[in-house]
Structures are given as structure tokens and as C-alpha cells.
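Structural overview for review
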Amino acid sequence: MNPRIENLRGYILRKEHHVLRRTPARLGLDNLNIGFAAAGMPPVRRSAEMLAALMRAEQPVILPGEKIVFTRTVTEVPEIFTPQEWDGIKASHYIHERGTVCNISPDYETTIRLGLDARKAEIASRLADDSLDQEQRIFLGSVALCIEAVQELTGRYAAHAREAGQADTAQVLEAVRTRGARSLREALQLLRILHFAIWEAGNYHNTLGRFDQYMYPYFRHDIDSGVLTEEEAFDLVEEFFLACNKDSDLYPGMQQGDNGQSMVLGGRAANGDYLFNRLSEMCLRASCELELIDPKINIRVDADTPDEIFFLGSQLTRKGLGFPQYSNDDVIVPGLMKKGYSEQDARNYVVAACWEFIIPNHAMDIPNIDAVSLIGCVREVLPELEQCPDYAAFYGRVERKIAEKADAICRKHRNLYIAPAPMMSLLMDGTIERAQDISLGSRYNNYGLHGTGIATAADSLAALRKFYFEERRFDAPTLLSALEDDFRGAPELQRLLRREAPKMGQDDDYADSIGRDLLASFARALEGRRNERGGIYRAGTGTAMYYVFHAAGLGATPDGRSAGEMIPANYSPSLFIDQRGPVSVIKSFTKPRLEDVVNGGPLTLEFDQSVFNNEESVRKLGMLVKTYIALGGHQLQLNTVSREKLLDAKVHPERHRNLIVRVWGWSGYFVELDECYQNHVIDRIEFGL
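All of these numbers come straight from a predicted model, not from anything done at the bench.

Here we take up the environment of Arg655. Along the chain, the position of Arg655 falls in the loop between helix 29 (643-651) and strand 13 (660-662). According to the relative accessible area criterion, Arg655 is exposed, its value standing at 54%. When the C-alpha atoms of Arg655 and Val671 are compared, they prove to be 9.6 Å apart, with 16 residues separating the residues in sequence.

Dropping the structure here:
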């Protein structure tokens, strides 16, 4: 890290630029929605007018030593609807999260290559079609207004740079204000501008997609032509990474850090060539040096991925950032194709905000629309235990309950409303040709459901099968009474269930086969279902924040878990199982048919920092990751933690401001997390190598 980057990193971490921020109320922008409503302005035009107003209010800022500019000075994006209007919309529609376009992967590549003037010309050409109706014309005009707003602010930034004596920065900004990028610096600057604009437009969880693929031509051109040395190119990559951390505290999410700035590296081309390149390697090195929470790094791998790439990823894991996350093309590509994605699109998949597999440019999927509590389904049918003559009969009732929950969720999501997003529409395929906002759909419009408590459910069913149906160690009233009483009067029964029953994660086929059955039942429960946009439903092994929500009122469970104890995050073993090492966990969690639950959701493993005391341990970790992939695992994320340090951080947060942990599908600063998430990270099992 050179001194310029080091100083800029310190400036951002100290949050010195926050003094430049102003609220919409201070700027007189908080009541624009009232004027929109009074004028009867169409929603898509409101979105464009709001972005234009915010861009006009932005104050050009160049931080000390900065070459890639654009920093938020307006703290919030006001609503385009009045509260009364939102109430009316919600009365007759299903609203997902904030009701805006989110968690999709834009096509930055096209606009970076062609430039903003060329995109405006496309719109002008489309507007010349006499067959367009008024709604289509309003949409196209709104997209054009968004482009003009972006260009206006870019022009003011260029003028500010010239006044500050930064002629090179001004020259870059003046170039990308109109035309496509011709160098790596121009490409990174235009990417920063586009990424900035969609956040400012009120869209969120905006991923960076296959950064190393669409940026590589600019990198290669500059290196080959002598415009940049590799170290100069690396400095620009590091600066772009820093830019992702300037404003991320303003981005919506469950917690600071849950902002969706994921980046995918590697993968294979259609001809089988592995696409991990010199720029991919630089991205890993930049994350290693900067040690910041953004962007979140994901590496696409397969059984034939060279060992060296796993070792490079493990060097980053060693830093304790909670990434890279690994995704297995051998499982995911065929799994997506089974769900109806074309081979070309499936091979181009990226990762959404956390782990969900999505398609850049062509998909308006909602991969996190809801979740089914698998352990909740088991718990709900427990009162029927005595009515079941054998385990098969009881499991049949669990399976029907899963289908019942899935059916209720599918009914709940009808009449979806998403606010228009003309700025995002510019960066998605077909919207200009169709003259239709991306909020109304795209080539793919699929919904994803998480499945929570997989291991807890499997362990509970294994305990019931072994000790109730097979060995008759207790009767139904005894078990139900103990669960209702939270085991207070039955400590021996809890010990039996907790310590002696088979557990998923110990490479025990008895429990693992039940986990496989559960995931198959979950996938079958969604087969053949179509949402109102013509999309399908995808089952997944992730949990998002539902592992907290679903554990809250769960009560004690037959695996020996007490009421109030957390359930695992994502596709992971119970927090209290007797560990037999990470290899046993990997073997257990690769037995299900994971291509059937292709919404995604990683196996999460925690390692104590003390194990990374030499390069050999890093290589061992790389081989462990490769083993998971070779055995057919779909997704893997690793956390490097020190329990002692985490406990100290709870007591003395001021000493650990920059301590980073992996939460559920994203990395954040430990001291900024809510206590429930802090405690969950502390309670996870730490493995050695």
C-alpha cells in the first residue's frame, strides 16, 4: 500500500468526510413528494425527478489524494410517495422490504463501454417510434432525465477538480461525462459514478458483479500499451475498493455492512477456460492490504480449479475479513439450468448481496422474498407424535407442513408492487427496447425462499427416530412435557438428546440422510409453483436474518436445544454439537443434492486465528476448501475469529473499532452489530486445522 492510499484509507476510517454531510430536510428536499402528489406526477417520473434533485444538491468533494471521486454529501433518499400514498399502495399490494428495486446485478459494462451520450441517443431513437404510448414515453423521458442528472453532477465535479488544480482528474471526468471509457482509470471512475447514482436513486444492495471480467479489457490495454505499470493499476484498484467504503454507512441494510457490495471473481467461459486473471489476483491482494468490509469478495471455483487460487483465497481468509466466499460452478450452473435459466446466463451467474445466485443484466429475481423455518415445521407437528405409528408417518406430516408453509408464502406474495427505478433500468437489458421500467420485470422473475434451521430440524428428527420410534427411550407425553417446560424438570432427557443423539455435521449417515430428506422435501414443496410474474420459486439453504427471527419464539426442540438458544445461520451445524473437525462437517453437508436448492446459502465454518501461524496452515485451509468443492458442496464461507478478542470487544468496543466478522452473508464491524448477532458469532464452533 503506497502512502497516498494509506492516507486516504485512514481518512475514510476516521470518517473525516462525514462533516460534509447534510440531510434532505436541511436542503429543503424532504417534502418533494408532496409536490409530486399535488401535480399527479407518475411514479417513474417522480423517481427521476428525485434523483435529479439529489444530484443537484450534491456538493462535489475530492478527498485528500483522491483520483477516483464521487462522495455522498446528502444523507438520505426521501420517499417519492407521501405516507398517505404509501398506505394506499400497501392496502392492496404486497411490498417486499422497502418497496424498491434491490438485490439485482446491473450491467455496468455496456454503459462503461458506450458512454452516457450513446445511451441518451438510444433513448432518443426509441422515442422516435410513433407506436409508443404515453406511459412508455414518460418512462423513456425519465431515464433520459437520470442520465442528464448524472452528467450534470459529473460536470460540476470536473470543474471542481480543475479549480483544485487536479487537471488529470478533471480530464477523466470530462471524458466519461459523455463518452465511453478508454482506460482503466476512466472505467473505474465511470463505474463509481454509475454505482453512486443507483444508490442515490434509492435502490440498494447493488452488487458489482463480475468485476474482474468487465474491467479486464481496460486493465490489459493499459498494461500492454504502457499507460500503466502493474503497481499503478493496483493502486487504482485499491482506491476503487476504498470508494466502496466511503458511504456504505448510508446504504440501507439490516446492519451496517449488510449493503450488498459483493464482487465475483473467476469462473469459467463457455469453452471451459478458467477466467481467473491478473486483475482477479489484484482484487484479492487489495482486500488483503486494505482490510475493509467492502467490497465482499466471492470466488467462482470448481473441482478443476488450480490449487493456487484456493491458496490465494485462504490468504484473505487468514486476515479475518469473512471472505472470500466460494461458489461451486459444478453444482450451481447445472442447478440454475434445471430452474430454467439458459446455459449462457447460468454460466454468467453472480452472487447477490449475501450468497443468492442471480443473473446479471437479465434478471429481476427477488432471491430473498421469504423463508420457511424447517425446525418450526418439525416443532408444529410434535403434538401429533402419538398418532404416528412409525418415523415414516411422522416425517410425512413434517413434509406436508413444509408444503403448507410454502403454499402460504406463495399466496402472501401476490400483487407485488415495486417503485419504478429509471436509473437502474438504464443498466438492465431490454428496458429501453421495451420502454418499460425494470421494476415490472425482466427475462427472469423468480423468487427465492430461505430454509432456516436445517441442522436443528435434522438433529431433532434424528433424535426422535432413534430414541422415540426405534429404542422407545421415552414416551410422547414425557418428551412434550419436557419441551414445554424447557427441560427444567428433565435434565437427563436433555443431556440424552443433546449429547448422545446423532447430529448433522459429524459425518453420521443417520442424521445426514435426514438432512438430505429435508432439503429434498423443501425443494419439492416449491416444484411447479409460479409467481404472478411468470417466475418460479427457488429453495435455498441460506437464512439471512431469519435465523434470529425464527429462533425467537421457537421453544425447546428435540435435539436438546433450550428455548432462547440460537439456531445456526445458513447451512451449518448446530452451535452445540460435539465437533469432530471440519472434514466431518464438510462430509455431512455435501451429502444432499445441493443443485436442487440452488437459491444458495453457504456452509459456514469458523476457525480460531491461532491456527494461521504459518504458511502451511494456509495451504491446509486451501485444500480443505477444495475438498468441499470436490465433494459437491455448493457454497462455502469461512470466518477467522478469536473468541477472546470478541469478548473483549463487547466490553471495550473503543479498542476494536475495525474488528471485522462474517455475520450471515456479509462482513461487518463487530462493535457496530446488534448484540444478538455479536453473541451468535461468539457462540459458533471454532475449528482447528
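Turning to the packing of aromatic side chains, a few remarks are in order. Applying the stated criterion across every chain, the model contains 24 aromatic pairs. Their ring planes at 20° and their centres at 5.5 Å tell us that Phe211 and Phe240 sit as a pair that is stacked. Residue Phe211 is located in helix 11 (residues 211-214), and its partner Phe240 is located in helix 13 (residues 230-243); the two are separated by 29 residues in the primary sequence. Residue Phe211 is classed as buried on the basis of its relative accessible area of 0%. Judged by centre distance (6.4 Å) and plane angle (65°), the rings of Phe211 and Phe241 are edge-to-face. Residue Phe211 is found in helix 11, and its partner Phe241 is found in helix 13; the two are separated by 30 residues along the sequence. By relative accessible area, which is 1% here, Phe241 ends up buried. Of the aromatic side chains, those joined through ring pairs into one cluster are Tyr391, Phe394, Tyr395, Tyr468, Phe469 and Phe474.

The sheet built from 3 strands is open, its strands ordered 7-9-10 with parallel pairing. With partners counted over all chains shown, the strands left at the sheet margins are strand 7 (366-373) and strand 10 (537-540), one partner each. Adjacent strand axes in the sheet meet at a mean angle of 30°, parallel and antiparallel pairs treated alike. In terms of strand pairing, strand 9 (residues 447-452) meets strand 10 through 4 bridges, oriented parallel. Across the sheet, the residue bridging to His450 is Gly540, located in strand 10. Contacts from helix 19 (residues 391-412) reach strand 7, strand 9 and strand 10, with the element oriented near 140° to strand 7.

This brings us to unusual backbone geometry. The omega angle of the peptide bond from Asp294 to Pro295 is -10°, so this bond is cis rather than trans. Tracing the backbone through its elements, the reader meets Pro295 in the loop between helix 14 (278-290) and strand 3 (296-301). The peptide bond linking Phe323 to Pro324 adopts the cis configuration, its omega dihedral lying at 20°. With respect to the helices, strands and loops of the structure, Pro324 is situated in the loop between helix 15 (307-318) and strand 4 (325-328). Even without a glycine there, the phi angle at Glu97 is positive, about 50°. Position of Glu97 among the secondary structure elements: in strand 1 (residues 94-100). Classification of Glu97 by relative accessible area gives partly exposed; the value is 37%. You will see that Ala544, though not glycine, has its phi angle at about 50°, which is positive. Relative to the helices and strands, Ala544 is located in the loop between strand 10 and helix 26 (546-552).

This part takes up helix 24 (residues 491-500). For helix 24, the set of buried residues is Leu493, Gln494, Leu496, Leu497 and Arg498. Considering only its buried residues, helix 24 is in contact with helix 22 (454-470) and helix 23 (476-484).

Quick look at the pattern of salt bridges now. In this structure the tally under the stated criterion is 54 salt bridges. One network of salt bridges, in which partners are shared, links Lys338, Arg593, Glu595 and Asp596.

In this section: the state of the cysteines. Counted by the stated rule, this structure contains 0 disulfides. Sulfur of Cys146: no disulfide; nearest cysteine sulfur belongs to Cys102 and is 18 Å away. Here Cys388 stays free of any disulfide, with the sulfur of Cys377 as its closest cysteine sulfur at 15 Å.

So, how was this worked out
Residues numbered from 1 in each chain as written. Predicted model: local features only at pLDDT ≥ 70, side-chain atom pairs only at ≥ 80, totals over all residues. Heavy atoms only, no water. Helix = DSSP H or I, 4+ residues; strand = E, 2+ residues; numbered from the N terminus. Buried < 20%, exposed > 50% of the residue type's maximum accessible area, 1.4 Å probe, protein only. Phe/Tyr/Trp six-rings, centres within 6.5 Å; stacked < 30°, edge-to-face > 60°. Pairing = 2+ DSSP bridges. Axes fitted to C-alpha atoms, helices over the stretch in contact; angles between N-to-C directions. Contact = heavy atoms within 4.5 Å. Salt bridge = Lys/Arg side-chain N within 4 Å of Asp/Glu carboxyl O. Disulfide = S-S within 2.5 Å.

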